[in-house]
Amino acid sequence: MKTALICGISGQDGAYLAELLLKKGYSVCGTSRDAQMSSFQNLSRLGIREQVKLESMILTDFRSVLQVLTKVKPDEIYNLAAQSSVGLSFNQPVETLESIATGTLNLLEAIRFTGADIKLYNAGSSECFGNTGELAADENTPFRPRSPYAVAKSAAFWEVANYREAYGLFACSGILFNHESPLRPERFVTQKIITTACRIAQGSAEKLYLGEISVRRDWGWAPEYVEAMYKMLQHDEPDDYVIATGKTSALQDFVAEAFTCVGLNWEDYVETDQTLYRPTDIAVGRANPAKAQEKLGWQAQYKLPDVVRMMVEARQKGF
Ligand code: NDP
């Protein structure tokens, strides 16, 4: 039986990945910064809370990382722990940089230090590309980060690439474009849109306040994105992959789709709030996930309308 260590198991991707690896027969251990205090609500929602072992680990504290690695002895590590909000990164740049760049470096060093045969998946981000314009970004597209979060993710990406080349570690980065699910917290705009649209449909008199809705992104379905993470570590060679649907839409399309799903016209309920604009934003994020399809046999099945519908349905069922 293989053992997987999921750093950041309490988050959206951590919970879905744990569910996937349990189905595949793995022994799954997950970490939180404070496993005694965390509610692990997402694991409970998926009904797998009792099937995973949990440890406290702070990625920025090398001793804590080393201790957990030595105790758990994982075959595979999935590094998903991070201050993961682009918006929040403008207000917490140091925490963002340290949790992502120092955290990833500590993991790489701990693997090297123990000398154990451990494969590492690192959660990279499409935010590293910045504005892609009409040219779809692939694994060779240069990074032009436009937020403290993206700067940190770019640093972590190159750390992983460097340790792979310099020390022969089996380490991969998935450059994932946005992926959503009912487990997305409400501070992310997509879940905010879904929950507000559902409340309005149930009679709430509120408006939905949003920042720039012309921004274009590639939105996918989180439960199938974690399959790509798993596949990267099963491949013969460690490598980096863009993971996306390959279809770009405006945030306005997401909003319109959500309101249509609950039988309303979005233009009657959405107001612009200038305070929600970011100091620097990405106008267009466009992806070319061809390498993942060719080398991993991975392809997104769900596109934006499916993602919105499944999030609305989950909300209506009280999931
Ligand atoms: P979440 O925010 O849902 O989960 C991340 C986990 O990291 C949290 O549950 C938390 O665990 C831990 N964490 C939060 N803040 C910090 C911090 N300051 N320092 C250390 N750990 C922290 O993220 P997702 O599951 O959505 O994403 C997983 C990874 O993938 C993240 O690294 C994210 O940046 C990246 N990513 C996500 C994308 C998406 O669209 N979802 C797109 C591209 C990349 P705890 O509180 O228990 O310690």
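About the cut-offs
- Residues numbered from 1 in each chain as written.
- Predicted model: local features only at pLDDT ≥ 70, side-chain atom pairs only at ≥ 80, totals over all residues.
- Heavy atoms only, no water.
- UniProt positions renumbered as here; feature names shortened; annotations may be inferred.
- Helix = DSSP H or I, 4+ residues; strand = E, 2+ residues; numbered from the N terminus.
- Contact = heavy atoms within 4.5 Å.
- Core = buried A, V, L, I, M, F, W, Y, C linked by side-chain atoms within 4.5 Å.
- Buried < 20%, exposed > 50% of the residue type's maximum accessible area, 1.4 Å probe, protein only.
- Pairing = 2+ DSSP bridges.
- Axes fitted to C-alpha atoms, helices over the stretch in contact; angles between N-to-C directions.
- Salt bridge = Lys/Arg side-chain N within 4 Å of Asp/Glu carboxyl O.

Visitor: Would you mind going over the UniProt feature "active site" (unreviewed entry) in the protein with me for this structure?
Guide: The feature "active site" (unreviewed entry), as given by UniProt, occupies Ser154 in the numbering adopted here. Mapped onto the elements of the fold, Ser154 is located in helix H6 (residues 148-167). When near neighbours in sequence (up to four residues on either side) are disregarded, Ser154 contacts Cys128, Phe143 and Pro145.

Visitor: Explain the nonpolar core here, please?
Guide: In a soluble, globular protein the nonpolar side chains are often hidden away together inside. Counting 40 residues, the largest nonpolar core has Ile6, Leu17, Leu21, Val28, Tyr78, Tyr121 and Ile243 as the members making the most contacts within it. Residue assignment for this core shows that the elements contributing at least two residues are strand S1 (3-7), helix H1 (12-23), strand S5 (119-125), strand S6 (171-176), helix H8 (222-234), strand S11 (241-243) and helix H10 (290-296). Of the residues forming this core, the biggest block, eight residues, is contributed by H8. Apart from residues lying up to four places away in sequence, Ile6 is in contact with Gly14, Leu17, Ala18, Leu21, Val28, Cys29, Gly30, Thr31, Tyr78 and Leu80. Ile194, Cys198, Leu251 and Val312 belong to the second largest nonpolar core, which has 25 residues in total.

Visitor: Honestly, the sheet that holds S1 in this entry has me stumped. Any pointers?
Guide: Consider a sheet: its strands pair through backbone hydrogen bonds, and that pairing is either parallel or antiparallel. Pairing is parallel in the open sheet, where seven strands are placed in the order S3-S2-S1-S4-S5-S6-S11. The open sheet has two edge strands, strand S3 (53-56) and S11, and neither has a second partner. Each strand of the sheet is rotated relative to its neighbour by a mean of 25 degrees, with strand direction disregarded. Where S6 and S11 come together, three bridges link them in parallel fashion. Paired with Leu176 across the bridge in S11 is Ile243.

Visitor: Sorry if this is basic, but what is going on with the pattern of salt bridges here?
Guide: A side chain of one charge can pair with a side chain of the opposite charge when the charged atoms of the two come close. Under the counting rule described, the total for this entry stands at twelve salt bridges. Arg278 serves as the salt-bridge partner of Asp281, at 3.8 Å between the closest nitrogen and oxygen. The class for Asp281 is partly exposed, based on a relative accessible area of 22%. Judged by its relative accessible area of 33%, Arg278 falls in the partly exposed class. Across the pair Arg309 and Glu313 runs a salt bridge, and its minimum N-O distance is 3.8 Å. Here Glu313 and Arg309 lie together in helix H11 (residues 304-316), a separation of four residues that amounts to about one turn. Under the relative-accessibility criterion, Arg309 is labelled partly exposed at 33%.

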